[in-house]
Amino acid sequence: MLEVEGISKTFVKGIIRRETVAAVKDISFCLPDGKTLGIVGNSGCGKSTVARILTSLVSPDSGSIRLDGEDLLWGGRKIFRARTRKLQMIFQHPESSLDPAKTVGYSLEEPMKIHRMFDEKGRKERLARLLELVDLNQRLLDSFPHQISGGEAQRVMIARALSLEPRILILDEPTSMLDVSVQAQVVNLLKSLQKSLGLSYVFISHDISVVGWLCHKIAVMQDGCFVETGETRKVLSSPRHKFTRELLESCRLSQDGCTGGSYPANQRG
Amino acid sequence: MNADIEIQGLNVSFVNRCCVTPVVTDVNILFPEGSITGLIGESGSGKSVLGMSILRLLPATARVEGRCMYKGRDLFSLPEAEMQKVLGKEIALIPQNPTESLNPVRTIGRQLTECVTIHEKRRKADAQKRRDQLLRCLGFHRPEQVSNSYSFELSGGMNQRIVTALGLMNHPRWVIADEPTKGLDAVLRRQVYQVLKEIGGSEAGGMMVITHDILLAEALCDRLLVLYKGCVMEQGKGETILRHPAHPYTRGLLESLPENGMHPIPRADEKKTDSGCRFYPRCPHGSKACGQMLPPETVLEDGRIVRCFLYA
Amino acid sequence: MRYITGKTKLALLILTLILLAGILAPVIAPCDPLASDLGRTLEGPSREHLLGTDNIGRDLLSRTLYGGRQSVLVALAATSLSMALGFVLGLVAGYFGGGADFVITALSNIFQGLPGLTLMIAAAGILGQGVTSMVIAIAINSWAGFSRIVRGEVMKLKQESFVDGLKTVGACHGRILFLHIAPNIFGTLAVVFATRVAGNIMAVSSMSFLGLGLQPPAPDWGVMISDARQYFRQAPLLILAPGLCIVLLSLSINMAADGLRDWLDTRRDSLEIT
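Computed from a predicted structure; not experimentally measured.

Calculation rules
- Residues numbered from 1 in each chain as written.
- Chains lettered and ligands numbered in written order.
- Predicted model: local features only at pLDDT ≥ 70, side-chain atom pairs only at ≥ 80, totals over all residues.
- Heavy atoms only, no water.
- Helix = DSSP H or I, 4+ residues; strand = E, 2+ residues; numbered from the N terminus.
- Rg over C-alpha atoms; globule rule 2.2 N^0.38 Å.
- Buried < 20%, exposed > 50% of the residue type's maximum accessible area, 1.4 Å probe, protein only.
- Contact = heavy atoms within 4.5 Å.
- Areas by Shrake-Rupley, 256 points an atom, 1.4 Å probe, with all protein chains shown as cover.
- Buried area = accessible area lost by both parts, 1.4 Å probe.
- Nonpolar A, V, L, I, M, F, W, Y, C, P; charged D, E, K, R; others polar.
- Expected span 1.5 Å × (residues − 1).
- Phe/Tyr/Trp six-rings, centres within 6.5 Å; stacked < 30°, edge-to-face > 60°.
- Lys NZ or Arg CZ within 6 Å of the ring centre and 35° of its normal.
- Pairing = 2+ DSSP bridges.
- Axes fitted to C-alpha atoms, helices over the stretch in contact; angles between N-to-C directions.
- Left-handed = near helix turned anticlockwise from the far one by under 90°.
- Salt bridge = Lys/Arg side-chain N within 4 Å of Asp/Glu carboxyl O.
- Patch = residues over 30% accessible without salt bridge, like charges linked within 9 Å, V, L, I, M, F, W, Y side chains within 5 Å.
- Core = buried A, V, L, I, M, F, W, Y, C linked by side-chain atoms within 4.5 Å.
- pLDDT = per-residue confidence, 0-100.
- Disulfide = S-S within 2.5 Å.
- Bend = angle between axes of the 7 residues up to and from the residue.
- Polar contact = N/O pair within 3.5 Å; in protein donor to acceptor, adjacent residues only side chain to side chain.

Caption draft 1: Geometry of the overall build of chain A. For chain A, the count of helices and strands is nine helices and ten strands. A compact globule built from 269 residues would reach a C-alpha radius of gyration of about 18 Å, and chain A, at 19 Å, matches this within 12%. Structurally, chain A occupies a C-alpha span of about 60 × 55 × 40 Å along its principal axes. Within the span of chain A, comprising 269 residues, buried residues form 54% of the whole. Summarising the internal contacts of chain A: among those between residues at least 6 apart in sequence, 66% fall at separations of at least 24. For chain A, the exposed area adds up to about 12,000 Å²; of that, 49% sits on carbon and sulfur atoms.

Here it is as structure tokens:
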């Protein structure tokens, strides 16, 4: 169980005229094992900062993060390293998530090397198993990032995150740059991985329909605050906050949509 | 005069030192005047190339075959000078990446009036009037203020509206919008949608919307073209296509939407080639013929055109 | 697709010929470049002396063949030294930012602001004459260019999410900097290196011409031009031969560097179709 309590972060801009921007204001949530929390909001609402705080890319001004009661935030290098193994992150831009000068195989193996997991042979075996897990061809190992598609790159990133056997994956808009059919593949993959490995996800997105499909709980974020949290179904069917209603309305575009759920199910091939 | 755009037998390929890569194959479409047509497809489907080929804005390495008839003339064989008169005046582009499409060192107002003065030098006052009127239409309450600012001072959503205004300055008969909602969040996307809907209804004679956003296309367009790997798989009325998709690819695409349960299209079967039907390696209904030749375009009873052996 | 254009091929051919001539000079040179024959000074081309002789009767062809050896070596050494210096400083400045960046950027601005030749003359003056001091003087003059380019590239790469990704899997700064960021800069750096080598060969020649670098009677193009100034009217070949060599060498290096850049730039050829 991941417990996040009262996290805040203020950025300071400028050297002479100092301006402070509160990116995240007093955010708390808890995420039980094997569940998914969706964070939705507009661009610039601070949702990516939450992801970066969770994965220690940014340190918060205050607050605490605990995994099974164990503090993950304040501590030395050892705690930090242990934390990277439990919490892994998937980024928005799959093409730039891999070092362009290294083969996919190198990038995949690297986290295991850093954490001194297995020997040379063990790592190679594990690579093969990881690729199988995310349904990728072994041939990919020798290719360079610019030779693979966005969907493949995102699978590689998932495999790399999984190589450290994490408990929680932070997904920062993992499908917003992908085509719908590829997005469906990746989301389904995430769902089946959750079932088989018991992972928890923090899924950050501006696309409320994907969030509705994948997440158990949902948090709506505006200007650095969670304005509404709750069970996904409840929030989407009877939104309480004005901003949630606005967001839901914008997604629909027009009132008389025919793909929005009314596409007859018996037509499926 | 009838201002339909008709594309006949369009083939586009990119020629490289070593090879020729076909990106658009045998496209025949009629864009009737006054209609809003959506070109939908995923990355690599050739939808942008198709749109840019009409404007002749493809890179020099592209080889274009076929005809594009507009007002009795073939746009592809028009001399450069004649084409320039058509571009921006008769057919305008609303480019993708609005922020990159604006000149960062010129004020918005000057860039807007320039569209008009390029074609007719003397009409500066008219141009300014038109500019203010358009900006007001697009939701800027104080046009003078926006005109004096630079693109980097405005947000992405505002820039999108500016490039939209840029496209509309000359009252074009046709507007081609290239990925107008790419990378926008829900609220901005809705704003852009409303702008396009409005101009589609009043300002422009006809519009083509190139997009991967199926819901946008559904809400905005009367007609849809579904592209896959450079082939138009299905074309017809938007509502018919989305309610009763005929082509297996369209069906797969719609089922991938979160609203319909996110059922992905099967991955390509590596034993099958796409030298015939482009979708054959992923198609659940593939037969032998699909692997051998490109299916012909078949007109269905409800008027749409499908490229699939299931209907041939 | 990678390919090499005809222009680059020509440049590479000229470059190879000049370098080969320098390397093989002891074998192919007809005479000893230092042996003088006071009886046959300032002669025109003849069978024994294909390009003629200089003011103290040394064979011009042999001296020209030998003449590139030292300046090329000195230029290579100086450029390598300045690249190493600029590379490390640029990496640190770009990656860590803050105070380190401020100091390094300020320093490189100062060094770039000073006129190059004056700086080199001053440095050589302080360090004294000799090959080592010339190498150091040139390195001091050209490190700033490297550090600026490296800094810019690092700052660009730092934005890419793979760097964040490496941090989240627990990679330390050293690993990120040297195993991931650095290899992505090598391509650009190779091009800058090649261009700087060309510039630095000119610098060596200029310094030798001014009497601050290689010293007479060493067979060096800069020294040769310097020595031949007074005899230009009688024997123009004395200046034309080494001068042409300097121009050809610099030009071919620059052109080869351009070709190298295109060749390394794999992404430029890939078409993006959406």
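Caption draft 2: Structural detail: the interface of chain A and chain B. Contacts between the two partners involve 38 residues from chain A and, on the opposite side, 37 residues from chain B. For the chain A and chain B pair, buried surface summed over both sides reaches about 3,400 Å², with 54% attributable to carbon and sulfur atoms. Sorting the residues of the side of chain A that touches chain B by element identifies α6 (180–197), α7 (208–214) and α9 (242–252) of chain A as the ones contributing at least two each. Looking at the side of chain A that touches chain B, the element that brings in the most residues is α6 of chain A, giving eight residues. Across the side of chain A that touches chain B, the residue classes tally to 13 nonpolar, 18 polar and seven charged.

Caption draft 3: Quick look at helix α3 (residues 60–96) of chain C. Here α3 of chain C spans 54 Å end to end across 37 residues, near enough to the 54 Å set by a 1.5 Å rise per residue. In the stretch just after α3 of chain C, Gly-97 of chain C is the one whose phi turns positive, near 65°.

Caption draft 4: Expanded view of the packing of aromatic side chains. For the structure shown, the criterion picks out nine aromatic pairs over all chains. Ring centres 5.0 Å apart and planes at 85° place the aromatic pair Tyr-95 of chain C and Phe-96 of chain C in the edge-to-face group. Geometry around Tyr-106 of chain A places Lys-102 of chain A over its ring, the cationic atom sitting 5.3 Å from the centre. Note that Lys-191 of chain A overlies the ring of Trp-213 of chain A, its terminal NZ or CZ placed 4.5 Å from the centroid.

Caption draft 5: Molecular detail of the pairing of strand β6 (residues 87–90) of chain A. All names here are of chain A. Judged by which residues are buried, β6 turns out to be covered on both faces: Leu-87 and Met-89 on one side and Gln-88 and Ile-90 on the other are all buried. Examined bridge by bridge, β6 and strand β7 (residues 168–172) share four bridges and lie parallel to one another. Bridge pairing links Ile-90 to Leu-171 in β7.

Caption draft 6: Seen up close, unusual backbone geometry. One non-glycine residue, Arg-116 of chain A, lies in the positive phi region at around 50°. Counting through the fold element by element, Arg-116 of chain A comes out in the loop between α3 (104–114) and α4 (120–133). Here Met-262 of chain B, not a glycine, exhibits a phi torsion of approximately 50°, which is positive. Within the fold, Met-262 of chain B resides in the loop between α11 (248–255) and α12 (288–292). Among the residues examined, Met-262 of chain B registers a relative accessible area of 0% and is labelled buried.

Caption draft 7: Summary view of the packing of α3 of chain C against helix α8 (residues 173–209) of chain C. Residue and element names in this part refer to chain C. Contact geometry for α3 and α8: axes closest at 8 Å, N-to-C directions at 145°. Crossing geometry of α3 relative to α8 is assigned as right-handed. Per-class residue counts for the contact of α3 with α8 are 21 nonpolar, five polar and one charged.

Caption draft 8: Broad picture of the pattern of salt bridges. Evaluated as defined, the whole model comprises 35 salt bridges over all chains. For Arg-131 of chain B, the salt bridge is made with Asp-132 of chain B, and the minimal N-O distance between the two is 3.3 Å. Both residues of the pair, Arg-131 of chain B and Asp-132 of chain B, belong to the buried class. In this structure, a network of salt bridges that share partners links the residues Glu-109, Glu-120, Arg-123 and Lys-124 of chain A.

Caption draft 9: Examining the sheet that holds strand β8 (residues 200–205) of chain A more closely. All names here are of chain A. Ordered in space as β6-β7-β8-β3-β9-β10, the six strands form an open sheet in which the pairing is mixed. Each of the sheet's edge strands pairs with one partner strand only, and the pair in question is β6 and β10 (225–231). The mean angle between the axes of side-by-side strands here comes to 15°, regardless of whether they run parallel or antiparallel. Summarising the sheet, strand β9 (residues 217–222) and β10 pair through six bridges and their orientation is antiparallel.

Caption draft 10: Quick look at a nonpolar patch on the surface. All names here are of chain C. A cluster of nonpolar residues, Leu-19, Leu-20, Ile-23, Leu-24, Val-27 and Ile-28, forms a patch on the protein surface that exposes about 560 Å² of accessible area. Every element with two or more residues in the nonpolar patch is listed here: α1 (6–23) and α2 (25–28). Considering every element that reaches the nonpolar patch, the biggest residue donor is α1, with three residues. In this structure, Val-27 sits in helix α2. By relative accessible area, Val-27 is classed as exposed at 68%.

Caption draft 11: Molecular detail of the nonpolar core. Judged by nonpolar contacts, the single largest core of 112 residues is most densely connected at Ile-158 of chain A together with Ile-181 of chain C. Looking at this core, the element that brings in the most residues is α8 of chain C, giving 16 residues. Beyond its immediate chain neighbours, meaning those up to four positions away, Ile-158 of chain A contacts Ile-90, Val-134, Val-186, Leu-189, Leu-190 and Leu-193 of chain A. One finds Ile-40, Leu-102, Leu-134 and Ile-162 of chain B within the second-largest nonpolar core, a separate group that totals 56 residues.

Caption draft 12: Molecular detail of the confidence of the model for chain A. All names here are of chain A. Averaged over all residues, the pLDDT of chain A equals 85, while 92% of them reach at least 70. The lowest-confidence element of chain A is helix α2 (residues 77–86), averaging 77 in pLDDT; the highest-confidence one is strand β3 (residues 36–40), averaging 94. Considering only residues more than four positions removed or in separate chains, one finds that residues 256–269, a stretch of pLDDT under 50, has 35 contacts.

Caption draft 13: Broad picture of the sheet that holds strand β2 (residues 20–31) of chain B. Residue and element names in this part refer to chain B. The sheet built from four strands is open, its strands ordered β2-β1-β4-β5 with antiparallel pairing. Each edge of the sheet is formed by a strand with only one pairing partner; in this case those strands are β2 and β5 (73–74). As paired elements, strand β1 (residues 5–15) and β2 share eight bridges and run antiparallel to each other. Within β2, the position partnered with Phe-14 by the bridge is Thr-21. This element, helix α1 (residues 47–54), spans β1, β2 and β4 (62–70) of the sheet and lies at about 115° to β1.

Caption draft 14: Local environment of the state of the cysteines. All names here are of chain B. Across all of its chains, the model carries zero disulfides over all chains by this definition. Between Cys-68, a cysteine without a disulfide, and Cys-231, which holds the nearest cysteine sulfur, the sulfur-to-sulfur distance is 18 Å. In this model Cys-283 remains outside any disulfide bridge; the closest cysteine sulfur is found in Cys-308, 6.0 Å from its own.

Caption draft 15: How the structure looks around α8 of chain C. Between the first and last C-alpha of α8 of chain C there are merely 46 Å, a value that for 37 residues lags more than 12% behind the 54 Å anticipated at 1.5 Å per step. Largest kink in α8 of chain C: about 45°, centred on Ala-182 of chain C, with the proline Pro-183 of chain C one to four residues after it.

Caption draft 16: View of the side chain of Glu-234 of chain B. Residue and element names in this part refer to chain B. Mapped onto the elements of the fold, Glu-234 is located in strand β10 (residues 231–237). Owing to a relative accessible area of 0%, Glu-234 belongs among the buried residues under this scheme. Only 3.1 Å separates the side chain of Glu-234 from the backbone nitrogen of Ala-246, close enough to count as a polar contact. Ignoring any residue separated from it by four or fewer positions in sequence, one finds Glu-234 in contact with Leu-224, Leu-225, Val-226, Ile-241, Pro-245, Ala-246, His-247, Thr-250, Arg-304, Ile-305 and Val-306.

Caption draft 17: Focus on the confidence of the model for chain C. Overall, the prediction assigns chain C a mean pLDDT of 85, with 95% of residues at 70 or greater. Taken over the whole predicted complex, pTM reads 0.82, whereas the ipTM for its chain interfaces reads 0.83.

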